[in-house]
Amino acid sequence: PLESIPKTQTIRLRKRHIGQSCKLFYRSDPLKIVRAEGCYMYDENGQKYLDCINNVAHVGHCHPVVVKAGCDQMAILNTNNRFLHDNLVLCAKKLTSLLPEPLSVCFLVNSGSEANDLALRLARTHTGHHDVITLDHAYHGHLSSLIDISPYKFNLPGGAGKPEWVHVAPCPDTYRGKYRSKEYPGEDLGLKYAEDVKEICQKAKADGRTVCCFIAESLQSCGGQIIPPPNYLRNVFKYVREAGGICIADEVQVGFGRVGSHWWAFELQGEDVVPDIVTIGKPMGNGHPVAAVVTTPEIALSFQNTGIEYFNTYGGNAVSSAVALAVIHVLETEGLRGKAEKVGNYILSSLKELATRHPSLIGDVRGVGLFVGVELVVQDEDGQLIPATAEAQHVVSRLEEHVLISADGPDRNVLKLKPPMIITRTKEDSRVMENGLDCKQNKESSRKEHGYSSQSKLMDVSNVDNRNENDAEEDVQMKKKRASIDETNNTGNLIEL
Ligand code: PMP
C-alpha cells in the first residue's frame, strides 16, 4: 500500500514526534504525497499535481535509469568511504569535466549545507582570513555556520542578527533593488552593484578586518529569482580577489543545467568568470542525498597542508556516486539542457504575454531556462512599487489544486517556477520525448514498472492564462483583501527551496 496510516494520523504523529519547526509546504492543509512519476506527484487520494516546486527531482521523479543505478549498486555494496571505490572517482572525474579549469578537485558530501560549510572552511584555510561577504536575502543552508551568513534567516524576528564578521552586499535586483534599470537607464548596473562590494572590502580593510570570501548564488533564488545584471560577478570577483578573498558560487539550486544554455549559472556572466569554489546539491542526486564542493588544486592543497584529515562517512558513497553519475548521464543522453532552454523560453514568453494583459499586477517576468520568476506588484498613488504579497499567496493557493509552485523573495511576492528538466510544452512533445528515450534504452517495461507512462499531461501555460482571464474583478477584490490580510497567517508555502 502507498499509505501506511491515514493522513490524520500522519499529522498527529508528526505533531508529536517531529520538531514543529520543521516546515511543510501548505502548512494549513499539508499535502501528503505518496508517489511520483516524471513531472507529477500524487497524493493519497490519487490527486495529481504538476511539480514546479521541487527543484530536486531534476530529471523527473523516479527516473528509471537513476532508480536502477541506485538499486543495482545498493545490492552490491555500500559502505564507509574509507575504501577505494571506482564510483567515487568516476563521479568526480565526470563532475569536474563539466566545470571550467582550474576547478578540478572534488569533495563529495551529503547536502547543500554540508557543501557550503566545507566551502567556508576551505576559504578560511586558504586565505587565512575570516570575514564573509554575503548578499542581502541570501540563504546558504541550515548549519550554524550558514545561518550566520544567511540574512534570510538571521534577519528574522527570532534570528540572532548579523555577526560582526559578516558583511551584507545589496542583492543585484535591477527591478526592485537598490539600483533599478528604470532609474539608471543605460548604466552598467552590474558594475554599480559590484562597486558596493568593493566599498565593503575597502571599509573592512579600514576597520582592520580581512575579507575571506564572497559567497552568492549565481542567480539568487531565495532572494526572489534574481538574475544579476551583466558584469556583476566579473567585477565582484575582481574586487574580492584584490582584497585577498576568494569567490564561492552556490549552485545548489541553480546548477546542474537548470539554466539550459550552460551547466552552471555563473557561466551566464561570461567565460572568463570562474569562481574559486563551486557548491552543488539538490539536483545532483535527483532526490538522493548527495552534494559536492569543487575547487582548485591550490585551495585543496592549503586544506591538506593543515594536516587535519577530512572524513565524511557517507559523502559520495558507492550508491550516491552511482546515482549522481546516472543523473548526469540522463541529462546528457536525453539532451535535457537544450529542452530546458526551449521550454523555458516558451514559459517565459507566455508569461510575458500574460503580463501585458495584467500590467497592474504582474510587474516583472524574468528567468533563464527553467528558473523562472514572476514578480507581483501594485503601484501606490506616487507610482511606488508595492509588493503584492497577498496576491502572490492567492495565486499559489489557487494553483495548488493542480500545480505546485511557491512564492519567495523578501516580500514573498515572487512566484517561483522550477519544474523538472523533462517538462514538455505539449502532450505531443511529451510523447516524442518519451519515445526517444524508449528507443535509446529499449526499456518500456522498466519505464512502466517505474510509473513512466506515455500519458504524461502537458504543462499547459494557457490553463494558467484561463484562470487569470477574469482577473480584473479579482484584482479589485484582492486590493481590498490585501489591506486586511494578516501576513503572518500565510498559507505557509515553503520558501527556502
Ligand atoms: N544553498 C541554497 C541556495 C539552498 O537553496 C539550499 C537549500 N534550500 C542550501 C544551500 C542547503 O541545502 P540542503 O538543504 O541540501 O542542506
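Calculation rules
Numbering of residues begins from 1 in every chain and follows the order in which that chain's sequence is written. The predicted origin of the model limits local features to residues at a pLDDT of at least 70 and limits the giving and counting of side-chain atom pairs to 80 or more, whereas totals for whole chains, interfaces and linings rest on all residues. In computing side-chain values, all of the structure's heavy atoms are included and hydrogens and water are not. What counts as a helix is a DSSP run of H or I of at least four residues, what counts as a strand is a run of E of at least two, and both are numbered from the N terminus. Burial classes: relative accessible area under 20% of the type maximum marks a residue as buried, over 50% as exposed, and values in between as partly exposed (1.4 Å probe, protein chains only). Contacts were defined at the residue level, with two residues in contact if any of their heavy atoms lie within 4.5 Å. Here the Shrake-Rupley method, with its probe set to 1.4 Å, supplies the accessible areas, and only the displayed protein chains count as covering residues. Think of each axis as a best-fit line through the C-alpha atoms, taken over the contacting stretch in the case of a helix, with angles from 0 to 180 degrees between the N-to-C directions. For any helix crossing, the convention is left-handed if the near helix is rotated counterclockwise from the far helix by under a right angle, and right-handed if that rotation is clockwise. Note: two strands are recorded as paired if DSSP finds a minimum of 2 bridges between them. Neighbouring residues are identified by heavy atoms, a residue being near a molecule or strand if any of them is within 4 Å of it. In protein, a polar contact requires one atom able to donate a hydrogen and another able to accept it; more generally it is a pair of N or O atoms within 3.5 Å, and residues adjacent in sequence count only if both atoms are side-chain atoms. Residue polarity is assigned by list, with Asp, Glu, Lys and Arg as charged and Ala, Val, Leu, Ile, Met, Phe, Trp, Tyr, Cys and Pro as nonpolar; anything else, Gly included, falls into the polar class.

Visitor: Pulling in residues and values, what's your account of the overall build of the chain?
Guide: If you tally the helices and strands in the chain, you get 16 helices and 16 strands. Buried residues in the chain amount to 53% of all 497 residues. Partitioning the contacts of the chain with sequence separation of at least 6, the portion at a separation of at least 24 is 72%. Carbon and sulfur atoms make up 52% of the accessible area of the chain, which amounts to about 22,300 Å² in all.

Visitor: Can you tell me about the packing of helix H3 (residues 86–97) against helix H10 (residues 318–333), naming the residues and giving the values?
Guide: One way to put it is that H3 packs onto H10 with a least axis distance of 8 Å and a crossing angle of 35°. Crossing angle aside, the handedness with which H3 passes H10 is left-handed. From H3, Asn87, Leu88, Leu90, Cys91, Lys94 and Leu95 reach across to H10, where they touch Ala318, Ser321, Ala322, Ala324, Leu325, Ile328 and Glu332.

Visitor: I'd like to hear about the pairing of strand S4 (residues 105–109), residue by residue, with values.
Guide: Extensive coverage of S4 is indicated by the burial of four of its five residues. Alignment of S4 against strand S10 (residues 291–295), held across five bridges, turns out to be antiparallel. Its bridge partner lying in S10, Val109 is registered against Ala291.

Visitor: Can you explain the site of the ligand? Please cite residues and give values.
Guide: Around the ligand lies a shell of 15 residues, among which Gly112, Ser113, Asp250, Gln253 and Lys282 are the nearest. Separating an oxygen atom of the ligand from a side-chain N or O atom of Ser113 is a distance of 2.5 Å. Between Lys282 and the ligand, the recorded distance is 3.2 Å, taken from a side-chain N or O atom to a nitrogen atom. When isolated, the ligand has an accessible area of 390 Å², and the protein chains bury 88% of it. The element contributing the most residues to the shell around the ligand is helix H4 (residues 112–127), with three residues. Among the residues forming the shell around the ligand, the class breakdown is three nonpolar, eight polar and four charged.

Visitor: Run through the sheet that holds strand S3 (residues 48–51), naming residues and quoting values.
Guide: Within the open sheet, the four strands sit side by side as S1-S2-S3-S14. Their pairing is mixed. The open sheet is flanked by strand S1 (33–37) and strand S14 (403–404), the only strands paired with a single partner.

Don't take any of this as a statement about function, it's just geometry.
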